[in-house]
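For reference, the chains in residue letters:
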Amino acid sequence: MNDTRRAVLEALANGPVSGPELADALDVSRAAVWKHIEALREADFEIESGPNGYDLGEIEAYNAPAVEFGLEAPFSVEYHDSVGSTNDRARELAGEGATDVVVLADEQTGGRGRLEREWTAPPGGVWLSVVTRPDIAAAQAPLYTLAISVATARAAREAGVDARIKWPNDVVVPVGDDGDFRKLSGILTEMEGETDRVEWVIVGPGINANIDADALPEGATSIREEAGDVDRRRFVQRLLESFDDHRNDLERVVPAWRELALTLGQRVRVDRPAGEIVGEAVDVTESGALVVETDDGRVTVSAGDCEHLRPV
């Protein structure tokens, strides 16, 4: 959204304002004001014309201008009604040098999760990928996955969902007290760089938002199912604002993750290329690796597929 259009919206958000007043305040012509108003209407902003001037209604649009307006984080948004994969599009943008761009879609037709698993992404969900270029070493990149997990869980909790985090990158809703859960969100992180320098990191959370549970795979749930429909525009804003806060203070990420972790204290099996690990998940390290207490001592696992097991 260009600066003048944003200024028009900010003026309208404070109450009715006339065209001449807008023209004087923004130092543009009345014709230019009218063009900006029409462009905003085309972007699905409800703007009424009344005796006191233009009046902005409740923002119900879900698109790039709507998400950018009022967003208190330095991201631009590229919105698609439908896209194959937000992460694939984000990789294209990263290759072009982009940074702090959010690819947002109402629907993904070729969504994928970890290990190239298919991820169902029907209309009504929140499907997004964030392109960043952090000044960090590659060893710190997993903290970005933890940060977006925390941001996703917190946004879901604000929406009324008892969201927790399953290591390494799933946001889930607990079922009972024995570690069972329903999956609310998966997160796909991709990176390019060298040992001492990261070129870019893409974090891509996919959240089952305003979707019927019976449209999802077995074991999944949605915000609609748990707490009713959410304002997706505001949800995305809160998620991005929280992520921005945490990426700018990486020392806060692991403590925040621990507070929301469902995995810690659980008996787990972690499948990894070097063989499976079974034991109790007792902690995460400062780089996001899982610490598992096994019969043979503590093992630190930096990557793997984690399964919660029934208590012995």
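For the structure, see preceding data.
Overview of the structure. (Residues numbered from 1 in each chain as written. Predicted model: local features only at pLDDT ≥ 70, side-chain atom pairs only at ≥ 80, totals over all residues. Heavy atoms only, no water.)

**A few points about the pairing of strand β10 (residues 267-271)**
Then, number 1: Where burial is concerned, the two faces of β10 differ: the one with Val 268 and Val 270 is buried and the one with Arg 267, Arg 269 and Asp 271 is not.
Then, number 2: Pairing of β10 with strand β11 (residues 277-284), which is carried by four bridges, proceeds in the antiparallel orientation. Within the sheet, the bridge partner assigned to Arg 269 lies in β11 and is Val 278.
Then, number 3: Strand direction decides the pairing type here: β10 and strand β14 (residues 305-308), joined by four bridges, are antiparallel. Within β14, the residue paired with Arg 269 across the bridge is Glu 307. (Buried < 20%, exposed > 50% of the residue type's maximum accessible area, 1.4 Å probe, protein only. Helix = DSSP H or I, 4+ residues; strand = E, 2+ residues; numbered from the N terminus. Pairing = 2+ DSSP bridges.)

**So, a negative patch on the surface**
Then, number 1: A contiguous patch of negative charge on the surface is contributed by Asp 44, Glu 46, Glu 48, Asp 55, Glu 58, Glu 60 and Asp 231.
Then, number 2: With a relative accessible area of 45%, Glu 46 lands in the partly exposed category. (Patch = residues over 30% accessible without salt bridge, like charges linked within 9 Å, V, L, I, M, F, W, Y side chains within 5 Å. Areas by Shrake-Rupley, 256 points an atom, 1.4 Å probe, with all protein chains shown as cover. Salt bridge = Lys/Arg side-chain N within 4 Å of Asp/Glu carboxyl O. Lys, Arg positive; Asp, Glu negative; His and termini not counted. Charge placed at Lys NZ, Arg CZ, Asp CG, Glu CD.)

**Section: the sheet that holds β11**
Then, number 1: In space, the five strands of this open sheet follow the order β13-β12-β11-β10-β14, with antiparallel pairing throughout. Each edge of the sheet is formed by a strand with only one pairing partner; in this case those strands are β13 (297-301) and β14. In this sheet, adjacent strand axes meet at a mean angle of 45° when their direction is disregarded.
Then, number 2: Here five bridges tie strand β12 (residues 290-294) to β13, and the two strands are oriented antiparallel to one another. (Axes fitted to C-alpha atoms, helices over the stretch in contact; angles between N-to-C directions.)

**Some points on helix α2 (residues 19-26)**
Then, number 1: By the burial criterion, the buried members of α2 are Gly 19, Leu 22 and Ala 23. For α2, the arc enclosing every buried residue in end-on projection is 100°, short of the 170-degree limit, so these residues lie on one face. For α2, the exposed residues set more than 90 degrees away from the buried face come down to Asp 24 and Ala 25.
Then, number 2: Each element contacted by the buried residues of α2 is listed here: α1 (3-13), α3 (30-42) and β2 (53-56).
Then, number 3: Backbone geometry just downstream of α2 places Asp 27 in the positive-phi region, at approximately 60°. (Arc of directions from axis to C-beta. Contact = heavy atoms within 4.5 Å.)

**Examining the sheet that holds strand β9 (residues 197-207)**
Then, number 1: Sheet architecture is open: seven strands sit in the order β3-β4-β5-β9-β8-β7-β6, paired in mixed fashion. Whereas interior strands pair on both sides, the edge strands pair on one side only; in this sheet they are β3 (76-83) and β6 (164-166). Each strand axis lies, on average, 25° off the axis of its neighbour in the sheet, ignoring direction.
Then, number 2: Alignment of strand β8 (residues 181-194) against β9, held across ten bridges, turns out to be antiparallel. Looking at β9, one finds that Met 191 is bridged to Val 201.

**Focus on the pattern of salt bridges**
Then, number 1: Going through the model one piece at a time under the given rule, you end up with 25 salt bridges.
Then, number 2: For Glu 190, the salt bridge goes to Arg 91, with nearest N and O atoms at 3.0 Å. In this pair, Glu 190 sits in strand β8 while Arg 91 sits in helix α5 (residues 86-95), placing the two residues 99 residues apart along the sequence.
Then, number 3: Take Glu 190: its relative accessible area is 13%, and that puts it in the buried class.
Then, number 4: Several salt bridges converge on common partners, so that one network encompasses Glu 158, Arg 234, Arg 238 and Glu 241.

**Topic: the packing of helix α6 (residues 142-158) against helix α8 (residues 232-247)**
Then, number 1: One way to put it is that α6 packs onto α8 with a least axis distance of 8 Å and a crossing angle of 140°. Considering their axes alone, α6 and α8 lie oblique with respect to each other. In the crossing of α6 with α8, the sense of the turn from one axis to the other is right-handed. Contacts from Tyr 144, Ala 147, Ile 148, Val 150, Ala 151, Thr 152, Arg 154, Ala 155, Ala 156 and Glu 158 of α6 reach α8 at Phe 235, Arg 238, Leu 239, Ser 242, Phe 243, His 246 and Arg 247.
Then, number 2: Counted by class, the contact of α6 with α8 contains ten nonpolar, three polar and four charged residues. (Parallel < 35°, antiparallel > 145°, perpendicular 65-115°, else oblique. Left-handed = near helix turned anticlockwise from the far one by under 90°. Nonpolar A, V, L, I, M, F, W, Y, C, P; charged D, E, K, R; others polar.)

Note that all results are geometric; they support no functional claim without further evidence.
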